[in-house]
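Residues per chain, in single letters:
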Amino acid sequence: MASNYIIMSDSDSDLHFEIAKEKNIPIVRMPYTLDDVEYFDDNGASGAEKVLFDRMRAGAKPFTSLLPTAVYLEYFEPILKEQDLLFLAFSSEISATFLNILEAQKELLEKYPDRRFIVVDTLSISAPQTLLILGAHALYEQGADMDTVAQWVMDHRMKAQAWFTVGDLTYLRRGGRISATSAIMGTMLDIKPILTISRAGKLEPQAKVQGRKKAMKMLVDKTVENIGESAGKSVIILHGDAQEEAEMLKNQLKNRLPDLGDIRIQMIGPVIGAHAGPGTLNISFIGKERAV
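Residues numbered from 1 in each chain as written. Predicted model: local features only at pLDDT ≥ 70, side-chain atom pairs only at ≥ 80, totals over all residues. Heavy atoms only, no water.

J.: Account for the overall build of the protein, naming residues and giving values.
T.: When helices and strands are tallied, the protein shows 11 helices and 13 strands. Overall, the C-alpha framework of the protein stretches about 60 × 45 × 30 Å when taken along its three principal axes. Counting across all 292 residues of the protein, residues that qualify as buried make up 53%. Taking as baseline every contact in the protein between residues at least 6 positions apart, the subset at least 24 positions apart corresponds to 76%. If you sum the accessible surface of the protein, you get close to 13100 Å²; carbon and sulfur atoms cover 51% of it. In the protein, which carries 33 positive and 39 negative side-chain charges, the distance between the mean positions of the two groups comes to 7 Å. (Helix = DSSP H or I, 4+ residues; strand = E, 2+ residues; numbered from the N terminus. Buried < 20%, exposed > 50% of the residue type's maximum accessible area, 1.4 Å probe, protein only. Contact = heavy atoms within 4.5 Å. Areas by Shrake-Rupley, 256 points an atom, 1.4 Å probe, with all protein chains shown as cover. Lys, Arg positive; Asp, Glu negative; His and termini not counted. Charge placed at Lys NZ, Arg CZ, Asp CG, Glu CD.)

Spelled out as structure tokens, the structure:
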């Protein structure tokens, strides 16, 4: 059934470009700077992720920036000229960019008063956001109206979970997630943090373990604990250029939850990767409500 609106999102969802193309989901490309050159995340189309992680291992310090309101207007207006728009944004608690989205929304609704333009704060980023986008799009394909789809995302955003660990504490220190002292001591003791996305839509540390194998086991444990009914459910494993360990996580999940559906492995995008660093591992799913 044809719908009279478009579902759109941003590249911080890490929605792979092939899926976005297949499902005709327009994507706002988010910026990052590497070696003094600004790039825009293309969600795997150019292989920029591998380049980023190689450069970070060599000492590069990439950074990200806000996308201004004017650029959002350039993305949104051509769609609103023709159709209504449902935009699924990454968490407002992670970046002030969300305020620029709202500014663009306000300006365009004044310009096109007969159009509808809904913005939903997914309170997620990366793979959990992807899962919300795909769930919303499945309803869209069934002919659900925009209000129904938007409400589904609102109803499920607390169930979109991510559990992850990092390969190097340096990048969490640069992003202000941990102190310099904690990073130094953690590195010396091989301490690996376990982080999640909280109910508030923030990235929060939840536990610390010693060693990479224990960290990987805890990611699987947290998935088993929080996924709820696992039969047929999709899981996404993201990695910061750590394919072999991602495959190990997949096998461990299959052993623990043999009735799972699709388990997709892909590399973390460069915008998220700039903050998490090489060696990051993440398991995401839609399960029970976030507990924290």
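Additional details are given in the paragraphs that follow.
J.: Account for the side chain of Gln-105, with residues named and values stated.
T.: By secondary structure assignment, the location of Gln-105 is in helix H4 (residues 97-111). What Gln-105 contacts, discounting residues up to four positions off in sequence, is Phe-117, Ile-118 and Val-119.

J.: So, the sheet that holds strand E4 (residues 37-40): which residues are in play, and what are the values?
T.: Read across the sheet, three strands follow the order E4-E3-E5 without closing on themselves; strand pairing throughout is antiparallel. Every interior strand has two partners, whereas the edge strands, E4 and strand E5 (63-64), have only one. As paired elements, strand E3 (residues 31-34) and E5 share two bridges and run antiparallel to each other. For Thr-33, the partnering residue across the bridge sits in E5 and is Phe-63. (Pairing = 2+ DSSP bridges.)

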